[in-house]
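Commentary on secondary and tertiary structure
The lines below spell out each chain.
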Amino acid sequence: MIETAVDTELEPTPRKTRGWVKAILVLICGLIAAMWVYAFVFAPKAGVYFVTEKAWRTSADQICAVAQQQRQALVDTSGGYISSPTHEQMIQRADVVDKATDLLDGMITDIAALPLAGTKDQERVAIFVKYYRQIIDDRRAYTARLRAFDLQPYRETLVHGGPVTNVVIDFTSGNDLTHCMPPGELGGDA
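Predicted, not measured: the structure shown is a model, and the values here were computed from it. Along each chain, residue indices are assigned from 1 in the same order as the chain's sequence is written. With pLDDT at 70 or above as the cut-off, local features in this predicted model cover only qualifying residues; side-chain atom pairs require 80 or more to be listed or tallied, and sums for whole chains, interfaces and linings still use all residues. Hydrogens are left out, water is left out, and the side-chain values use all remaining heavy atoms of the structure.

**Some remarks on the state of the cysteines**
Two cysteines whose sulfur atoms are joined by a covalent bond form what is called a disulfide. Any two cysteine sulfur atoms within 2.5 Å of one another count as a disulfide. A complete count under the given rule lists one disulfide for this structure. Here Cys64 pairs with Cys180 through a disulfide, and the sulfurs are 1.9 Å apart. Note on the Cys64 and Cys180 pair: the S-S dihedral is about 95°, so by sign convention the disulfide is right-handed. Of this pair, Cys64 sits in helix α2 (residues 54–72) while Cys180 is found in the segment after α5 (164–174), placing the two residues 116 residues apart along the sequence. A relative accessible area of 0% means that Cys64 is categorised as buried. Note on Cys180: relative accessible area 0%, which makes it buried. The secondary structure listing takes helices from DSSP runs of H or I that are at least 4 residues long and strands from runs of E that are at least 2 residues long, numbered from the N terminus. Think of it in three bands: residues with accessible area under 20% of the maximum for their type are buried, residues over 50% are exposed, and the middle band is partly exposed, with areas taken using a 1.4 Å probe on protein chains only.

Written out as structure tokens, the structure reads:
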């Protein structure tokens, strides 16, 4: 019997080059690169809540500094958190928080009264005041619960899925208003 070798090796079929696919991928990569170049080089550096009037920012921070000093002078909270307070302690806590909240209310009223020339700045400050007033309302609701001897944690209103203080912190951070940060008490300082 005669054996014949059969060549079983097949020639690879040439791949079709899809130039249009490569072009789309290069275009997409180019657009992504352009977006990042814009974001890091050309985009405005001021945040969405940035108030352009430096005098307003300085005056607002000074108002907040005074209110912060007054608030911190209300009570010594170095004793820490009382897990099972008496009714008398709950009333005392409510009194201190109400006094601190009154100072915040006066502070935000004074800030809202500061003059601003630009309409965009006025809109930004109006948003800040609106959300700070919501924090004040949340604090008043907390003290009402304390006065009813309903010991529950302090709760904040949610804005866009997060606590209202997040919006206020965005504003104060973006404008370098360090003394206007919302107080982190109600579990800490007064």
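Still more to cover.
**Comments concerning the pattern of salt bridges**
Salt bridges are defined by distance alone: a side-chain nitrogen of Lys or Arg within 4 Å of a carboxyl oxygen of Asp or Glu. Following the criterion strictly, the structure yields seven salt bridges and no others. Arg140 is the salt-bridge partner of Asp105, the closest N and O atoms lying 3.9 Å from each other. Of the two residues, Asp105 sits in helix α3 (residues 87–113) while Arg140 sits in helix α4 (residues 119–147), which places them 35 residues apart along the sequence. Judged by its relative accessible area of 27%, Asp105 falls in the partly exposed class. Arg140 gets classed as partly exposed once you look at its relative accessible area, which sits at 28%.

**Notes on the nonpolar core**
Think of a nonpolar core as a cluster: buried Ala, Val, Leu, Ile, Met, Phe, Trp, Tyr and Cys residues, connected wherever their side-chain atoms sit within 4.5 Å. Of all hydrophobic cores here, the largest spans 25 residues; its most connected members are Trp56, Ile111, Phe128 and Tyr132. Beyond its immediate stretch of four places on either side in the chain, Phe128 contacts Ile108, Ile111, Val168, Phe171 and Thr172. The contact definition used throughout considers only heavy atoms, calling two residues in contact when any of these lie within 4.5 Å.

**Some thoughts on the packing of α4 against α5**
The convention used is that axes are lines fitted to C-alpha atoms, helices contributing only their stretch in contact, and that angles between N-to-C directions extend from 0 to 180 degrees. One way to put it is that α4 packs onto α5 with a least axis distance of 9 Å and a crossing angle of 140°. When the axes of α4 and α5 are compared, the pair comes out oblique. Of the two elements, α4 crosses α5, and the hand of that crossing is left-handed. Here Arg124, Val125, Phe128, Tyr131, Tyr132, Gln134, Ile135 and Asp138 of α4 lie close against α5, whose contacting residues are Val164, Thr165, Val167, Val168, Phe171 and Thr172. Gly is placed with the polar residues, together with every amino acid not listed as nonpolar (Ala, Val, Leu, Ile, Met, Phe, Trp, Tyr, Cys and Pro) or charged (Asp, Glu, Lys and Arg). Of the residues contributing to the contact of α4 with α5, the split by class is nine nonpolar, three polar and two charged. Roughly parallel covers angles under 35 degrees, roughly antiparallel covers those over 145, roughly perpendicular covers 65 to 115, and oblique covers all other angles. The sense of a crossing depends on the near helix, which, turned anticlockwise from the far helix by less than a right angle, makes the crossing left-handed and, turned clockwise, makes it right-handed.

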